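Coordinates in review
Letter by letter, the chains look like this.
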Amino acid sequence: MLSLGHDHWFIRKVVFWRAAASIAWSVLLLPASTAIFVLLSRFSVLHPIEWITGSLNFLCGSYVIFSIVLLCLVVLIIGFFILEFYTVVPSIPCTQIALIGKVLHPQQFIHSLVHAVMGMLVSWCAAVMIGGRYQFLTTPCIAEESAVASSMCLNEYHLFFLLAGAFMGYSYSLLYVVGNMNYVSFPNIQQNKYLRFKGTLPLVIKHSAVQALYSVRNYCITYFFLGYIPRAWICTTMNLQKDRALHSLDTLTGLLDFSLLYHLWISGTFLLVTWYMTWLLFRIYTTEVYCFPVQSSFSEDAHQCLPKVLSSKQPLILKYLALQDFALLSQNSPSRRQEVFSLSQPGGHPHNWSALSGECLTILNDLTQKLIAYQEAVSSNGRIKPQSVGSDKRPSSSGSSATSLIEEPTSWQTPKVSMGPKTPGSVFLRSSVASPFTPDLGSPFGSPAMKRLTGTLDPSSPWHGSVQSPHVMRRGPKLWTSSLGAESPLNGSPQSGPALVPSPVAGAQKPSIVSLWIQNRQEQVKNVLAKRVLIMYLFNKLPEASSQALFAESQAHIWALEGLSHLVAASYTEDRFGVVQTTLPDILGTMLTLQEAVDKHFKLPHASSKPARTSGSLVDTSYKTLRFALRASLKTAIYRITTTFGEHLNAVQVSVEHRKKLQQFLEYKE
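About the thresholds
- Residues numbered from 1 in each chain as written.
- Predicted model: local features only at pLDDT ≥ 70, side-chain atom pairs only at ≥ 80, totals over all residues.
- Heavy atoms only, no water.
- Core = buried A, V, L, I, M, F, W, Y, C linked by side-chain atoms within 4.5 Å.
- Buried < 20%, exposed > 50% of the residue type's maximum accessible area, 1.4 Å probe, protein only.
- Helix = DSSP H or I, 4+ residues; strand = E, 2+ residues; numbered from the N terminus.
- Axes fitted to C-alpha atoms, helices over the stretch in contact; angles between N-to-C directions.
- Parallel < 35°, antiparallel > 145°, perpendicular 65-115°, else oblique.
- Contact = heavy atoms within 4.5 Å.
- Nonpolar A, V, L, I, M, F, W, Y, C, P; charged D, E, K, R; others polar.
- Phe/Tyr/Trp six-rings, centres within 6.5 Å; stacked < 30°, edge-to-face > 60°.
- 1 Å grid on protein atoms, 1.4 Å probe; cavity = no way out; pocket = protein on both sides within 12 Å on 5 of 7 lines; lining within 4 Å.
- Points joined across faces, edges and corners; volume = space filled by probe spheres on them.
- Expected span 1.5 Å × (residues − 1).
- Salt bridge = Lys/Arg side-chain N within 4 Å of Asp/Glu carboxyl O.

**Let's talk about the nonpolar core**
Counting 139 residues, the largest nonpolar core has F160, W279, F292, W353 and M591 as the members making the most contacts within it. Per-element tally for this core: the top contributor is helix α10 (residues 258-286), with 15 residues. Membership of the second largest hydrophobic core comes to five residues, among which are L154, I234, C235 and L240.

This is the structure in structure tokens:
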């Protein structure tokens, strides 16, 4: 949400005005969409001239004008909620229970309630503009047995429309959170706002018509079983009678009314088109390119310059627009590139290049650390890789014997980028922060092998004090890399089996009978729950969703890669002072290290190697394929640099492993 950044200068001066412009255009488009709705709702094949003239006369009436005023209020409220709930980083639940919690969140409850009320208001406007039997909530009774001629009965058609609007509003809100519609993605190809809106408008109409059709089907089924409840409540509250001369709409005879279903569908389409146009215009205006100055002559404007803005953490929309401008600057603006390569006066320091390249390298290194921690957490989650018979006979000093699916060779270390110590303690500290597969030692799904490796055995466990199998001892080192220190109990040094289990502290008191009984009961409950299919379904991690969540911010990494690679390639002919050459080893080392981490991630058992086909729907699902776009952008960025510099890269100081990797890129073998 945006509430934490209302006082930021960029939110006040840019985001608010862009949101106001998108809502203003939505309001201006309301009369046109309302006129089309009135024409379609009064459609008549047998009397076309009467249909057109009657519709045009009705558009100038007070009912339509008042309805347009109410619809403008609805658009303002919908636009406000879009502004409050939008985000540039998608929220991806990694378990089914997390998705349920997301739907039942208090903020989502308010969102659904407001949209249900707004949907009811739009349906009321639609019923009034259609007129006829849908116009009023009450109508004079026409039943023969009615003793009092002036008695009023409930118009169930009007009530049916109002409840349909509430149902469609709630359905829209539910799909909004489940489909991550608050996620604002940036277009790959920059277009004019009018062209983007014109190209997406047919898709908006098609998507709204199809979704309205499904909503009408679901609503009719719901009303068939539960429609008598609101009808009876309204009749009791307003002291109205039920007209027995008409068929009830909670019966098959009442629902099989083609005119009623057509008007309900066209009203739902009108509602969704209005809301989706507001949502689309907000996305178009928000993601419009914003040009930040590279440097300023006035100190009071320094906080608005690109190097300063790029290092900011909040709001995220500011950081993403800055990275987008950085990527476009590196490709299409030679004059602004000269400002990046320029030296400060006086002093002659490349402050602009140092700030921009340093922030991009920090972003890429953070992703590398997350990937390494994720791989280590997955490998340590009780999944011991099976080894062949011949692998046990190879000496531990061999470089190939320590290579596995999650191997992290020492060649990953670049001269100026520190990746942190590779000790089991640091591994678990990192994995507790950045991975959905962090092993929970207290979980009922934790394996005894994992508890033995971490030395956290329960004294009452049957594994406590037992001599472990030599096969388990030999497989232990395969979970870790060759960079583990000799002091680690998981390296190849010979140790006895019981040495892995920490000895009990001298003088420690034995647990009481009550605590043992409680602990046993807890273990029994955990074991019983672990055997329930529903519990496993709700709490088990979703590997694909976990991988998507890991790369949720990859759009920023893609822009950082594109900006760095284009600037480095342009420096070959434009960098007069050689400022890029000082950081070229760090840039190459960071990119190659990240590529190795990304390649290892795609080799994990649960990671899909190919992106799923996009369905061309209005709802954006590009966040599901960000990891594939990052992998392609990373390889393209490295090729861009190697193609530009060629054999000159042999003079760059990099590690031996990175030298081999660079040679493969130079020979186009990657």
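From this point, the narrative continues.
**A word on the packing of helix α12 (residues 316-332) against helix α13 (residues 334-341)**
In the contact formed by α12 and α13, the axes pass within 7 Å of each other and the chain directions differ by 110 degrees. In terms of axis orientation, α12 runs roughly perpendicular to α13. Contact residues: α12 offers D325, L329, S330, Q331 and N332, while α13 offers P334, R336, R337 and V340. Partitioning the contact of α12 with α13 into residue classes produces three nonpolar, three polar and three charged.

**Brief notes about the packing of aromatic side chains**
Two measures describe an aromatic ring pair: the distance that separates the ring centres and the angle between the ring planes. Considering all chains together, one arrives at 31 aromatic pairs under this definition. Geometrically, the ring pair formed by Y262 and W265 is tilted, given 6.4 Å between the ring centres and 50 degrees between the ring planes. With a gap of three residues between them, Y262 and W265 both fall in helix α10, about one helical turn apart. You can call Y262 partly exposed: its relative accessible area is 24%. Given the relative accessible area of 26%, W265 is considered partly exposed.

**Topic: the layout of surface pockets**
Roughly 1000 Å³ of volume is contained in the largest pocket. Taken together, 36 residues form the lining of the largest pocket, with S185, F186, P187, N188 and D620 sitting closest to its centre. At the level of secondary structure, the elements contributing two or more residues to the lining of the largest pocket comprise α7 (193-226), α10, α12, α21 (554-574) and α23 (626-645). The residue makeup of the lining of the largest pocket, split by class, is 15 nonpolar, 17 polar and four charged.

**Focus: helix α20 (residues 543-550)**
Among the residues of α20, those classed as buried are A545, S546, S547, Q548 and L550. Looking at the buried residues of α20, the elements they touch are α14 (351-379), α22 (584-602) and α23.

**What about α12?**
For α12, with 17 residues, the first-to-last C-alpha span of 24 Å sits near the 24 Å given by 1.5 Å per residue. Extensive coverage of α12 is indicated by the burial of 13 of its 17 residues.

**Brief notes about the pattern of salt bridges**
Applying the stated rule across the entire model yields eleven salt bridges. We note a salt bridge from K313 to E359, for which the minimum N-O separation is 4.0 Å. Of the two residues, K313 is situated in the loop between α11 (306-310) and α12 and E359 in helix α14; the sequence distance between them amounts to 46 residues. Under the relative-accessibility criterion, E359 is labelled buried at 10%. One continuous salt-bridge network, built from bridges that share partners, spans E156, R231 and D250.

**So, the side chain of S41**
Along the polypeptide, S41 turns up in helix α1 (residues 9-41). What makes S41 buried here is its relative accessible area of 5%. Those residues in contact with S41 that sit more than four places away from it in its chain are I130 and H263.

**Details of empty space enclosed by the protein**
Counted by the stated rule, this structure contains three cavities of 30 Å³ or more. Here the largest cavity defines a volume of roughly 50 Å³. Taken together, V122, S123, F161, A164, G165, M168, L264, S267, G268 and L271 make up the lining of the largest cavity. Residue assignment for the lining of the largest cavity shows that the elements contributing at least two residues are α5 (106-130), α6 (156-178) and α10. Broken down by class, the residue content of the lining of the largest cavity amounts to six nonpolar, four polar and no charged.

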